Amino acid sequence: MTSRLVGRRPRVEPQELIAALTPPPHFADASFDTYVPDPDFPSQEAAQAAMRAFGKGVGRKGLGALRRSSGGRGVYLDGGFGVGKTHLLASLAREVGQRAAFGTFVEYTHLVGALGFQATRAALQEFSLVCIDEFELDDPGDTVLMARLMRELADAGVALAATSNTVPGSLGQGRFAADDFKREIQALSGVFEVITIDGPDYRGRGALTFPAPATVDRVLEATGGPDGACEDWAALMADLTHVHPSRFGPYVDGIGVLGLRGVAPLSDQAQALRVVALVDRLYDRDVRIVASGHSLGEIFSQDMLRGGYRKKYYRALSRLLSMVAGEPEHR
């Protein structure tokens, strides 16, 4: 029987948010050995070696408060979409083990909202390494909040690792995000070593060309299994307004194939940002998407793709393409 998302209202306790700070299922098997550098871009192999070396200097499980050479230091992976930054970050967390916390920028800001700043800092100080995936610079308030949190964790001897996406075609050939990152966290700029990774998006290999939308019959057929869910696009968009983004993970738990009927372009920024958060959680869980109506490549307007949140939207499109095309899950 096909499942439903609309109407789900998951409850997540604060303690569960801390326990959930682990690499997502999508990267459950990621390791430095399974990262395959593109020989045409030597920076990928160099980044792999640098991250492996950084991990060796982080306090491991069972060392208690002991910090080694990477304690209080940070690495920042700067590069475009789909070059393997999250794979390397998840590999680093895997090397460190249970003494590592792994979450996205948004998940940490939601954690502060749920627990408060002091409680969040106290909880994260128990880790030897805190990994922040997809550090975002488009919300000044959240950036300042995370800068303070990271500074206080570094002062406590916690090692830090962060990633961010560079907008395709940005001036500086991929250094734009790194410069912004250091400017926004001036007090931490001396802590972080910037590691640049070049290369094309392995998910799209250039232009984000989506396959033709499916028919409604095909959507229903694809979601007929026990892990399938089928939703009307408009109903799903309306339902997301009643679920906090920090609960989008539990909201989609148990879904392997998501069918979307009547996909249409998004009408406003708030709606689009909710979809970005949902796409991230679906991607984390390796959900396959089958959709009818408009192409999923058309859901964000050109104004959105030129605006302040463009990095989020391009990342979402890259991930949607992977889920629609059913391509290999790791580089």
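The paragraphs below set out a description of the structure included in this document. If you're wondering where the values come from, they're calculated on a predicted model, not measured in any experiment. (Residues numbered from 1 in each chain as written. Predicted model: local features only at pLDDT ≥ 70, side-chain atom pairs only at ≥ 80, totals over all residues. Heavy atoms only, no water.)

**Observations concerning the layout of surface pockets**
Item 1. The volume enclosed by the largest pocket comes to roughly 560 Å³.
Item 2. In terms of lining, the largest pocket is formed by 29 residues, of which the most central are A20, E107, S246, R281 and R285.
Item 3. Broken down by secondary-structure element, the contributors of at least two residues to the lining of the largest pocket are α1 (14-19), β2 (100-104), α4 (105-115), α10 (248-252) and α11 (269-284).
Item 4. Class assignment for the residues of the lining of the largest pocket results in 14 nonpolar, seven polar and eight charged. (1 Å grid on protein atoms, 1.4 Å probe; cavity = no way out; pocket = protein on both sides within 12 Å on 5 of 7 lines; lining within 4 Å. Points joined across faces, edges and corners; volume = space filled by probe spheres on them. Helix = DSSP H or I, 4+ residues; strand = E, 2+ residues; numbered from the N terminus. Nonpolar A, V, L, I, M, F, W, Y, C, P; charged D, E, K, R; others polar.)

**Overview of the packing of α4 against helix α6 (residues 140-155)**
Item 1. For the pair α4 and α6, the least separation of the axes is 11 Å and the interaxial angle reads 80°. Here α4 lies roughly perpendicular to α6, going by the angle between them. Contact with α4, carried on its side by F105, Y108, T109 and V112, involves D142, T143, L145, M146 and L149 of α6 and no other residues of that element. (Axes fitted to C-alpha atoms, helices over the stretch in contact; angles between N-to-C directions. Parallel < 35°, antiparallel > 145°, perpendicular 65-115°, else oblique. Contact = heavy atoms within 4.5 Å.)

**Structural notes on the environment of Y283**
Item 1. With respect to the helices and strands, the residue Y283 is situated in helix α11.
Item 2. Along the primary structure Y283 and P24 are separated by 259 residues, whereas in three dimensions their C-alpha atoms are 9.1 Å apart.

**Here's the deal with the pairing of β2**
Item 1. The element β2 is largely enclosed, with a buried count of five among its five residues.
Item 2. Of the pairings in the sheet, the one linking β2 to strand β3 (residues 129-133) comprises five bridges and is parallel in character. Bridge assignment links T104 to a residue of β3, and that residue is D133. (Buried < 20%, exposed > 50% of the residue type's maximum accessible area, 1.4 Å probe, protein only. Pairing = 2+ DSSP bridges.)

**Let's talk about α6**
Item 1. With 16 residues, α6 should reach 22 Å at 1.5 Å per residue; the first-to-last C-alpha distance of 22 Å fits that figure.
Item 2. Within the sequence span of α6, burial applies to T143, M146, A147, L149, M150, E152, L153 and A154.
Item 3. Within two residues after α6, G157 carries a phi angle of roughly 90°, on the positive side. (Expected span 1.5 Å × (residues − 1).)

**Some thoughts on the pattern of salt bridges**
Item 1. Counted according to the given criterion, the structure contains 13 salt bridges.
Item 2. One salt bridge in this structure joins R319 and D280, with 3.0 Å as the shortest N-O distance. Of this pair, R319 sits in helix α13 (residues 310-325) while D280 sits in helix α11; the two residues are 39 residues apart in sequence, bridging distant segments of the chain.
Item 3. For D280, a relative accessible area of 5% corresponds to the buried category.
Item 4. Each of E134, D280, R315 and R319 takes part in one network of salt bridges that share partners. (Salt bridge = Lys/Arg side-chain N within 4 Å of Asp/Glu carboxyl O.)

**Looking at the packing of helix α2 (residues 42-56) against helix α3 (residues 85-96)**
Item 1. Put simply, α2 and α3 touch, their axes get as near as 9 Å, and they point 25° apart. Here α3 runs roughly parallel to α2, going by the angle between their axes. The crossing of α2 and α3 is right-handed. Of the residues in α3, those in contact with A47, Q48, M51, F54 and G55 of α2 are L88, L89, L92 and V96.
Item 2. Partitioned by chemical class, the residues of the contact of α2 with α3 number seven nonpolar, two polar and no charged. (Left-handed = near helix turned anticlockwise from the far one by under 90°.)

**What to know about the sheet that holds strand β6 (residues 228-232)**
Item 1. Across the sheet, three strands lie side by side as β6-β7-β8; this open sheet has parallel pairing. Each having just a single partner strand, β6 and β8 (288-293) make up the two edges of the open sheet. Neighbour to neighbour, the strand axes of the sheet diverge by 15° on average, direction disregarded.
Item 2. Strand direction decides the pairing type here: β6 and strand β7 (residues 257-263), joined by five bridges, are parallel. From the neighbouring strand, D232 faces β7, where its bridge partner is R261.
Item 3. Sitting on the sheet, helix α9 (residues 233-240) touches β6 and β7, and the angle it makes with β6 is about 90°.

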